[in-house]
Structures are given as C-alpha cells and as structure tokens.
Amino acid sequence: MTNKTILTITMNPSVDIAYQLDNFNLDTVNRVAEVNKTAGGKGLNVTRVLSQLGDNVKASGLLGGKIGEFIEEELNKNKVGNDFYKISGDTRNCIAVLHDGNQTEILESGPTISDEEAKNFLTHYEKLVKEADLVAISGSLPKGISKDYYVKMVEISTKNNKKTILDCSGESLIATLKAENKPFVIKPNTEELSEIFETQVTDNIEELKKLLSNELFTGVEWVIVSLGAKGAFAKHGDKFYKVNIPKIEVVNPVGSGDSTVAGIASALVYEASDEYLLKKANVLGMLNAQEKQTGFVNLKNYKELFNKIEVKEV
C-alpha cells in the first residue's frame, strides 16, 4: 500500500442510468425490469476503480442540485473521499438503453457554468492539488467553460510539482498540447488522433511512431494509444512499446478507457516500471470490459490476465 493520494477530476459528472431491455420498441411503452444508477462521468469511473484497488483517492469537480447530492451520497456510501465544488446549476443524467446487443445513449448536456464558478473552482482545485500526489483529469468540459480551461488546470498542477494525467479529446486536448505546461500522460485512441491530425490514423506501428514523434507531443512524458482488441501502443520519452493483449469476451466496454487511466495513475504513484505500468493499465481496461457494470473490475481475474499481456519495445 502507498499512502499517496490520487486526485480525480470530473468537470461534467452525471448520474448514469442504464435500462436493460430485451427489445426496444419505438413509439410505444417499454417496461424495464432492471435499472442501474451509478455516479457517472469518466473521472468518477477512474475513482471507482482506484478505490477498488485500495488506492487513496479523492474525487472532485463540479456538482449541483439533487442529482449532485445523489452522486455525493453514492461516493460517501462507498467510503470514497470527495470534495466537489458546488455550482448553482443541476448536474445531468445520462441514459443508456441496452437492447438486443445494442446500446442507445441519451445524454443531457448538463449545466452551464458561470465565469465566477469557473474561476472559483480553480482556487478550490489548487488547494486540492497541494494535498495530492498525482492528478487524473477526465472527460469533457461543461458549457460555459472555455476550451483552454484544462490548460489552466495543468499549469496549476505543474506549478505545484504534481504530474497530470489528462484524458480528454478535441479542442481541449489540442489546447493543452499547444500550451507551455504539458500533461505528464495523455491517452488518445486512434479516433482522437485522427481528429487531431485530420487524417485517418490506423494501428500501423510505423505510422504511429511517426505521429507520436510529432512536435505537438514534445514535453508529454507518456502518450498511450488504445487500439481496442489489438491492445495498445505507447511512447515514453524516446521509447516505443506495443502491448499485446489476450482475447477476452467483452460484456460492456464502456468505462474501459477510464479503468485504464486508473491503472496508469496507480502505477505512477507506485513508481512502477514501464512494462508494469502498461500491463496494469491494460489489465484493468480488460477487467472492466468483462463486467456489466461500468467502472467495475473483478480483481480475482487480475493476475491471470496480467500474466498474459505482452509488452514489447518496438
């Protein structure tokens, strides 16, 4: 056990509601036998997995209204440390309808954050960063917050000598890559890389090597690219790694990227080797995909899968 604390940030959390249906019929009544409600948002999935690993974790971000209270109650009930900043708007619901092997999602956009709330959160964040050993920021920014907000957050963690793992996409990711202070780890998938470079990115090793050597990533210590069933490709400093994973039966892949982030964070606070970090990150992503519940891992299968993962320097 380490007594180091990982701070997780979810700026646009939600209550995730999953409706399990045998068939989904449009324009008529659908009755649901099974409903799951969880404190959701990418950062909260990261939090849950870290908590299951027994790591010290504290969750923060923005919460408001009755739905925000529900999230706080859920975390407290599961004895997960949290210190959210309260906003005047209502935290959102996100609904997933699981039917016939498909998943249809209905996502509320969430509250609009005022300039004052955005400014005050940065002060709150700095206080939390000082008490933490590592920061993991995940997911999208709510409405009302500027696209360069994560740039400010990474700047605060850097100023306080704390490493930041940043898992976001689009404009907010590009803004941080162009900023002076870089995140320590980013975890884009090929789709997100395609968006950055405006070209179709595949899992070709040579192509990925070339892309990750782009000056945009200069100063980012770790770039870990998820390749789905084909494992992952990573760059740490000037080393490149290909991670091969065993075939598994996927039950629910949602939250696997967040579980991977939890593995990266956990390995970093333990100061693990590159190989160990990549194995831990990938094994947690796989364990999450084997479960119905998002952001949940069955650690009984950890060792067996961990030993089947192969990390090669390429």
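- As annotated in an unreviewed UniProt entry, the protein carries the name Tagatose-6-phosphate kinase and comes from Gemelliphila palaticanis.
- You can read under Catalytic activity (unreviewed entry) in the UniProt record for the protein the words "D-tagatofuranose 6-phosphate + ATP = D-tagatofuranose 1,6-bisphosphate + ADP + H(+)".

### Looking at the side chain of serine 194
Item 1. Looking at the secondary structure, you find serine 194 in helix 6 (residues 190-197).
Item 2. Those residues in contact with serine 194 that lie beyond four places of it in its chain are Thr199, Gln200 and Val201.

### Looking at the environment of valine 32
Item 1. With respect to the helices and strands, valine 32 occurs in the loop between strand 2 (14-21) and strand 3 (34-40).
Item 2. On the basis of relative accessibility, which here comes to 32%, the residue valine 32 falls in the partly exposed class.
Item 3. Each residue touching valine 32, except ones within four places of it in the same chain, is listed here: Tyr19, Gln20 and Leu21.

### Details of the nonpolar core
Item 1. The biggest cluster of nonpolar side chains holds 46 residues, and the ones touching the most others in it are Ile165, Trp222, Leu268 and Leu278.
Item 2. Not counting the four nearest positions on each side in its chain, isoleucine 165 is found in contact with Leu134, Val135, Ala136, Ile137, Val185, Val261, Ile264, Ala265 and Leu268.
Item 3. By size, the runner-up hydrophobic cluster in this structure holds 42 residues, among which are Phe121, Ile137, Leu216 and Val225.

Criteria and cut-off values
- Residues numbered from 1 in each chain as written.
- Predicted model: local features only at pLDDT ≥ 70, side-chain atom pairs only at ≥ 80, totals over all residues.
- Heavy atoms only, no water.
- UniProt positions renumbered as here; feature names shortened; annotations may be inferred.
- Helix = DSSP H or I, 4+ residues; strand = E, 2+ residues; numbered from the N terminus.
- Contact = heavy atoms within 4.5 Å.
- Buried < 20%, exposed > 50% of the residue type's maximum accessible area, 1.4 Å probe, protein only.
- Core = buried A, V, L, I, M, F, W, Y, C linked by side-chain atoms within 4.5 Å.

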